[in-house]
Amino acid sequence: MDKFVIDGGRELTGTVRVSGAKNAALPALAACLLAPGRSVLSNVPNVMDVRTMRRLLLRLGAGVVSGDGRMTLDVPAALKCEAEYEIVKQMRASYYVLGPLLARFGRARVSLPGGCAIGARPVDLHLRGMEALGARVTIVHGYVQAEARQLRGARVNLAGPHGVSVGATINVMMAATLARGATVIESAAMEPEVAATAELLAAMGARIEGAGTPVISVEGVDGLRPAEHRLVPDRIETGSLMAAVAITRGCVTIEDCRPDHVGAVIDVLRRAGVKIAAGDGMITVEARRRLRPVEIAVAPYPGFPTDMQAQLLALMTVSGGIAAVTETIFENRFMHVPELNRLGADIRLEGNTAIVRGVPALTGAPVMGSDLRAAAALVIAGLAAQGRTEVSRIYHLDRGYENWERKLRKLGARIRRVHQPMPA
Ligand code: UD1
């Protein structure tokens, strides 16, 4: 297990490039299973979740060659149609193979994922969607089994108790591409990764309209062909870098990003007093003074992303007042709060709202990441804390941030990775 050792208090300056989006890579890799032949993805981030998906595709029988940000997939005429517990428990997004396998081969067997550090995260909406398309879904021995000789287009409403679902929207959209007839997905998630996946599917020959809006229409086709596709930049890495620059009161230009995908983050940071100039594929962030506190609630896109909640909290720990950040999507996404408090933050939880009383400065301490974005938040806080911060369980961060310590070092941070032997 690795940890980061950070000597905080150095402002970040310079330029940095954003990697391709993990959350676009995972469905794109699964989507390639819909067509036999060779598909090529570029701008693929070399992060743990992508490597886990690669392992799953290999087990299903696809050939995968990766290097230099490209992934070439050779998808054979026949695939194994099962995603085992061993992989699904490591990464819930393994669920993305359900729709493509079911649509192409008429059956899929995918382990139920089980619990997760940020909440229950059920898959009922994915299953509701597959059933609406005519699949018979049963749960046996901890596995979801879905079968349908031929999926049929249908009207599906994917609203759940916590609102829309990114994963279910993409999964049902992928399945519907090969269904007979027309599918209309209502209450669809509008995240950029949905539109990006639809763009890949369209390049494969799918007929999709409305991806990126609450209503998606899919006209089923008989077959899809392989395609080449470039992944969109990672909007959460973009936002995380913006928070890192702001907390160190630095000035950095972030390149190869999509400012239009981080509109809500830009708005909130500007409200906090961060100077932001957005151009074509780039954002310059500058923060020279103490930030103002903000009050926000996370929301599905185009709202402020839940995946930026922890990083914003880190930033608010040193604001000049009292901030309030409400989580509305995941019920247990505040594991980073006690860890931030170990760094001298003053955060109190009231239900699903974190009340953050800004302190003049954080002080370094050993802390522990509990999930991907929590780990990023602790690194961000550590960059500003006086003295040394050690963030352990960095494997969480490695799931979704490519070369982060190298990127931050290039911007002037003192951060290094230390290999920690496993406890006996
Ligand atoms: C995706 C992102 C994740 C992000 C989340 C919300 C990927 C790989 N992950 O996760 O980083 O935090 O969107 O923006 O893209 N829900 C149900 N039933 C379901 C599915 C979801 O009740 O069948 C609930 C979830 O528990 C959660 C809410 O719906 O409360 C939103 O989850 P969802 O959008 O599905 O998240 P993911 O696609 O898993």
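(A) Here's a closer look at a nonpolar patch on the surface. On the surface, Met1, Tyr395 and Met422 cluster together into a nonpolar patch covering about 300 Å² of accessible area. Positionally, methionine 422 belongs in the segment after β24 (414–419).

(B) Looking closely at the domain arrangement of the protein. Assigned domains of the protein: these are domain 1 (2–19 + 233–419) and domain 2 (22–230). Of note, the centres of domain 1 and domain 2, computed from C-alpha atoms alone, are 30 Å apart. Both faces considered, domain 1 and domain 2 share a buried interface measuring about 1,900 Å² in area, 51% of it formed by carbon and sulfur atoms. At the surface where domain 1 touches domain 2, the tally comes to two salt bridges. With a closest N to O distance of 2.8 Å, aspartate 49 and arginine 399 form a salt bridge. If you look at where domain 1 meets domain 2, you find seven residue pairs in polar contact (both at pLDDT 80 or more). Looking at side-chain class alone, the side of domain 1 that touches domain 2 contains nine nonpolar, five polar and eleven charged residues.

(C) Looking closely at the pairing of strand β16 (residues 275–279). In the sheet, β16 pairs with strand β17 (residues 282–286) via five bridges, with the strands oriented antiparallel. Bridged to alanine 278 within β17 is isoleucine 283. Joining the antiparallel neighbours β16 and β17 is a turn of two residues, in which glycine 281 adopts a positive phi near 70°.

(D) Main features of helix α7 (residues 192–203). Compared with the 16 Å implied by 1.5 Å per residue over twelve residues, the 17 Å span of α7 between its first and last C-alpha is a close match. Among the residues of α7, Pro192, Glu193, Val194, Ala196, Thr197, Ala198, Leu200 and Leu201 are the ones counted as buried. With its phi angle positive at about 110°, glycine 205 sits one or two positions after the end of α7.

(E) Summary view of helix α9 (residues 263–271). For α9, the full list of buried residues reads Ala264, Val265, Ile266, Val268 and Leu269. Buried residues in α9 make contact with α8 (235–247), β16, β17, β18 (295–297) and α10 (309–316). At the C-terminal side of α9, glycine 273 shows a positive phi close to 105°.

(F) How the structure looks around the site of the ligand. Neighbouring the ligand are 17 residues; Asp124, Leu125, Ser165, Asp307 and Ile329 lie closest to it. Within the backbone of glycine 167, one N or O atom sits 2.8 Å away from an oxygen atom of the ligand. The separation between an oxygen atom of the ligand and a polar main-chain atom of isoleucine 329 is 2.6 Å. For the ligand, whose unbound accessible area comes to 740 Å², protein coverage reaches 89%. Every element with two or more residues in the shell around the ligand is listed here: α5 (124–132) and α6 (166–176).

(G) Just the packing of aromatic side chains, in detail. Per the counting criterion, the structure on display carries one aromatic pair. An angle of 50° between the planes, with centres 4.6 Å apart, marks the rings of tyrosine 401 and tryptophan 404 as tilted. As far as burial versus exposure is concerned, tyrosine 401 and tryptophan 404 are alike and both buried.

(H) Geometry of the sheet that holds strand β2 (residues 13–17). Strand order in the open sheet formed by four strands is β2-β15-β17-β16, with mixed pairing between adjacent strands. The open sheet has two edge strands, β2 and β16, and neither has a second partner. Here the average twist between neighbouring strands, direction ignored, is 15°. Here strand β15 (residues 251–255) pairs with β17 via five bridges, running antiparallel. Bridging across to β17, threonine 253 finds its partner in threonine 284.

(I) Geometry of the environment of alanine 195. With respect to the secondary-structure elements, alanine 195 resides in helix α7. Alanine 195 gets classed as partly exposed once you look at its relative accessible area, which sits at 29%. For the pair alanine 195 and serine 66, spaced 129 residues apart in sequence, the C-alpha separation works out to 24 Å.

(J) Main features of the state of the cysteines. Throughout the structure, instances matching the rule amount to zero disulfides. Here cysteine 81 is not disulfide-linked; the sulfur of cysteine 32 is the nearest cysteine sulfur, at 16 Å. Since its relative accessible area comes to 6%, cysteine 81 is described here as buried. Looking at cysteine 251, it has no disulfide partner, and the nearest cysteine sulfur is the one in cysteine 257, 14 Å off.

(K) Fine view of the pattern of salt bridges. Tallying each qualifying case throughout the model produces 24 salt bridges. A salt bridge links glutamate 84 to arginine 59, with the nearest nitrogen and oxygen atoms 2.7 Å apart. Note that glutamate 84 is positioned in the loop between β6 (82–83) and α3 (85–88) and arginine 59 in helix α2 (residues 48–60), a separation of 25 residues in sequence. Relative accessible area serves as the criterion here: at 23%, glutamate 84 is assigned to the partly exposed category. Note on arginine 59: relative accessible area 34%, which makes it partly exposed. In this structure, the salt-bridge partner of lysine 407 is glutamate 237, at a minimum N-O distance of 2.7 Å. Taken as a pair, lysine 407 in helix α14 (residues 404–410) and glutamate 237 in helix α8 lie far apart in primary sequence, 170 residues in all. Relative accessible area serves as the criterion here: at 13%, lysine 407 is assigned to the buried category. Among the charged side chains, a network of salt bridges with common partners joins Arg55, Arg59, Lys80, Glu84 and Glu86.

Scoring rules and cut-offs
Residues numbered from 1 in each chain as written. Predicted model: local features only at pLDDT ≥ 70, side-chain atom pairs only at ≥ 80, totals over all residues. Heavy atoms only, no water. Patch = residues over 30% accessible without salt bridge, like charges linked within 9 Å, V, L, I, M, F, W, Y side chains within 5 Å. Areas by Shrake-Rupley, 256 points an atom, 1.4 Å probe, with all protein chains shown as cover. Salt bridge = Lys/Arg side-chain N within 4 Å of Asp/Glu carboxyl O. Helix = DSSP H or I, 4+ residues; strand = E, 2+ residues; numbered from the N terminus. Domains from an automatic or database assignment. Buried area = accessible area lost by both parts, 1.4 Å probe. Polar contact = N/O pair within 3.5 Å; in protein donor to acceptor, adjacent residues only side chain to side chain. Nonpolar A, V, L, I, M, F, W, Y, C, P; charged D, E, K, R; others polar. Pairing = 2+ DSSP bridges. Expected span 1.5 Å × (residues − 1). Buried < 20%, exposed > 50% of the residue type's maximum accessible area, 1.4 Å probe, protein only. Contact = heavy atoms within 4.5 Å. Near = heavy atom within 4 Å. Phe/Tyr/Trp six-rings, centres within 6.5 Å; stacked < 30°, edge-to-face > 60°. Axes fitted to C-alpha atoms, helices over the stretch in contact; angles between N-to-C directions. Disulfide = S-S within 2.5 Å.

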